[in-house]
2 protein chains.
Amino acid sequence: MLTQHQTGAAAGTGSIIDARAQRSRATVLAAATELLESTGVGGFSVDEVARRSGVAKTTIYRHWPTREALVLDACAGLDDRYDLPDTGTLRGDVGAFVADLVHMVTRASWASVLPSIVDAAERNAAFADMHAQIQKGHASLIAQIAERAIGRGELPAGTDTALLASTVMGPVFYRRWFSREPLDAAFIDAVTDRAIRGVQGCD
Amino acid sequence: MLTQHQTGAAAGTGSIIDARAQRSRATVLAAATELLESTGVGGFSVDEVARRSGVAKTTIYRHWPTREALVLDACAGLDDRYDLPDTGTLRGDVGAFVADLVHMVTRASWASVLPSIVDAAERNAAFADMHAQIQKGHASLIAQIAERAIGRGELPAGTDTALLASTVMGPVFYRRWFSREPLDAAFIDAVTDRAIRGVQGCD
């Protein structure tokens, strides 16, 4: 906890309160994210976040007026971002993207939370909006990969990048959460090949 | 409620009790399925099933010893079966399958429950097993379509039907629950074309 002398005489009480509020907010968010990763959206309770963080419920509700607001904020903290590959070819870029996606869905903590977000989105507009934002982010990487390929002449202008996104991500998500078969190197190669063959037509 | 004279003198009290038990079981299952369709697995409670069905909780627990057992039984009642198409060609069969799948995910009541089943399966082996059974059923339709195509010489023997299933179902599920873009006729055609092109190679 910051003391007055640490903030400096000129700062005054306001900064101390702000800093403490930020610290407690960070503590709560960290506990909320950890809880989310272990129980998904359905098992999330503010009571449990208060217990794990050591921050009082009244304080939590001052920062987040509803349980939903806190869950959404914790979801925003899940690390679902990944790099835009730039290998120089369409096949290299798509292959790297699929490999990254497979890595994320098999190892990243958000992978176990995502089905509960999709479920919450079925009945709750705020979750539907948030999930849509996540998806737009992923799909925009595909669009950028396609744009570069178009620039290199590997793809025709006007390529349907939304469809490409569904043929790249669809099989990976299906195998991870539905058929639950191994997401191995052979699968990564096969999904990549078929997605490209699908969008390039035949050689 | 059956009376003794309706069951016949020879049947005795046993059959009346069995028939009543069956009737209350059916009533509970119907209420459970309806509840599942509106709240998903996460919102399911035996209290609410008791309220909706008018059957006492004690009676419910006699038939299903745990909440989980009742949810699983209600899930089994969701109509996720669809016909094996037989159009005479691979393209016709896959196209009909994709169209049926799109119809199911956009209109069938289980479509709103499925994400909650996938979520429950992340943490609960009984749900994972049940979900796996559902998926095997769908994938086996694809395998049968492929086998017939192999018989007709449209596909090579040893075609990877699990991969074919992921390229057929993956994009549909992705578009329904992730990107939430329209699942229109153009999309059905495009998914069908790409799945077939992916498995047949090029003409």
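Here the structure is a predicted model, which is why all the values come from computation and not from measurement. (Residues numbered from 1 in each chain as written. Chains lettered and ligands numbered in written order. Predicted model: local features only at pLDDT ≥ 70, side-chain atom pairs only at ≥ 80, totals over all residues. Heavy atoms only, no water.)

**Student:** Explanation requested: the domain arrangement of chain A in the structure shown.
**Tutor:** For interface size, the figure often reported is the accessible area lost on association. Residues and elements named next belong to chain A. Domain boundaries assigned for chain A yield domain 1 (4–76) and domain 2 (79–200). For domain 1 and domain 2, the distance between their C-alpha centroids amounts to 32 Å. Counting residues at the interface gives nine residues for domain 1, matched by 10 residues for domain 2. Each partner contributes to the roughly 800 Å² buried at the junction of domain 1 and domain 2, and carbon and sulfur atoms together form 71% of this total. (Domains from an automatic or database assignment. Contact = heavy atoms within 4.5 Å. Buried area = accessible area lost by both parts, 1.4 Å probe.)

**Student:** I keep staring at the nonpolar core and nothing clicks. Help me out?
**Tutor:** A general tendency of soluble globular proteins is for nonpolar side chains to be buried together. One finds W177(A) and W177(B) to be the most contacted residues of the largest nonpolar core, which totals 130 residues. In contact with W177(B), other than residues within four places in its own chain, are V118(A), E122(A), H131(A), F178(A), V105(B), W110(B), A111(B), L114(B) and P115(B). (Core = buried A, V, L, I, M, F, W, Y, C linked by side-chain atoms within 4.5 Å. Buried < 20%, exposed > 50% of the residue type's maximum accessible area, 1.4 Å probe, protein only.)

**Student:** Would you mind going over the environment of T59(A) with me for this structure?
**Tutor:** All names here are of chain A. Considering the arrangement of structural elements, one finds T59 in helix α4 (residues 57–63). The class for T59 is buried, based on a relative accessible area of 19%. Measuring from C-alpha to C-alpha, the distance between T59 and R25 comes to 9.0 Å, with 34 residues separating the pair along the chain. (Helix = DSSP H or I, 4+ residues; strand = E, 2+ residues; numbered from the N terminus.)

**Student:** Just checking my understanding: could you explain the pattern of salt bridges for this structure?
**Tutor:** When the charged atoms of two side chains lie near each other, side chains of opposite charge can form a pair. Residues and elements named next belong to chain B. A complete count under the given rule lists 28 salt bridges over all chains for this structure. We note a salt bridge from D47 to K57, for which the minimum N-O separation is 2.8 Å. In this pair, D47 sits in helix α3 (residues 46–53) while K57 sits in helix α4 (residues 57–63), placing the two residues 10 residues apart along the sequence. Residue K57 is classed as partly exposed on the basis of its relative accessible area of 35%. A salt bridge links R123 to D119; the nearest nitrogen and oxygen atoms lie 2.9 Å apart. (Salt bridge = Lys/Arg side-chain N within 4 Å of Asp/Glu carboxyl O.)

**Student:** Explain empty space enclosed by the protein to me, please; I cannot follow it from the model alone.
**Tutor:** Rolled over the atoms, a probe as big as a water molecule pinpoints where empty space is left. In total, this model carries three cavities of 30 Å³ or more according to the counting rule given. Taken as a whole, the largest cavity encloses approximately 150 Å³ of empty space. In this structure, the largest cavity is lined by 15 residues; those nearest its centre are V118(A), F178(A), V118(B), W177(B) and F178(B). Among the secondary structure elements, those contributing two or more residues to the lining of the largest cavity are α7 (110–123) and α9 (161–179) of chain A together with α7 (110–123) and α9 (161–179) of chain B. For the lining of the largest cavity, a count of residues per class yields 13 nonpolar, two polar and no charged. (1 Å grid on protein atoms, 1.4 Å probe; cavity = no way out; pocket = protein on both sides within 12 Å on 5 of 7 lines; lining within 4 Å. Points joined across faces, edges and corners; volume = space filled by probe spheres on them. Nonpolar A, V, L, I, M, F, W, Y, C, P; charged D, E, K, R; others polar.)

**Student:** Where do I start with the layout of surface pockets in this structure?
**Tutor:** Its volume calculated, the largest pocket comes out at about 490 Å³. Taken together, 23 residues line the largest pocket, and the ones lying closest to its centre are G42(A), D119(A), V41(B), G42(B) and D119(B). Broken down by class, the residue content of the lining of the largest pocket amounts to six nonpolar, 10 polar and seven charged.

**Student:** What is the right way to read the side chain of Q135(B) from this model?
**Tutor:** One can find Q135(B) in helix α8 (residues 125–151). The residues touching Q135(B), leaving out its near neighbours within four places in the chain, are Y174(A), F178(A) and S179(A).

**Student:** What am I meant to see in the interface of chain A and chain B here?
**Tutor:** Each side of the interface is counted separately: chain A has 41 residues, and chain B has 40 residues. Both faces considered, chain A and chain B share a buried interface measuring about 3600 Å² in area, 60% of it formed by carbon and sulfur atoms. For chain A, the biggest contributors to the area lost against chain B are Y174(A), F178(A) and R194(A); these three give 21% of the whole. At the junction of chain A with chain B, the criterion picks out four salt bridges. Note that R180(B) and E122(A) form a salt bridge whose closest N and O atoms lie 3.7 Å from each other. One can count 12 residue pairs in polar contact (both at pLDDT 80 or more) joining chain A with chain B. (Polar contact = N/O pair within 3.5 Å; in protein donor to acceptor, adjacent residues only side chain to side chain.)

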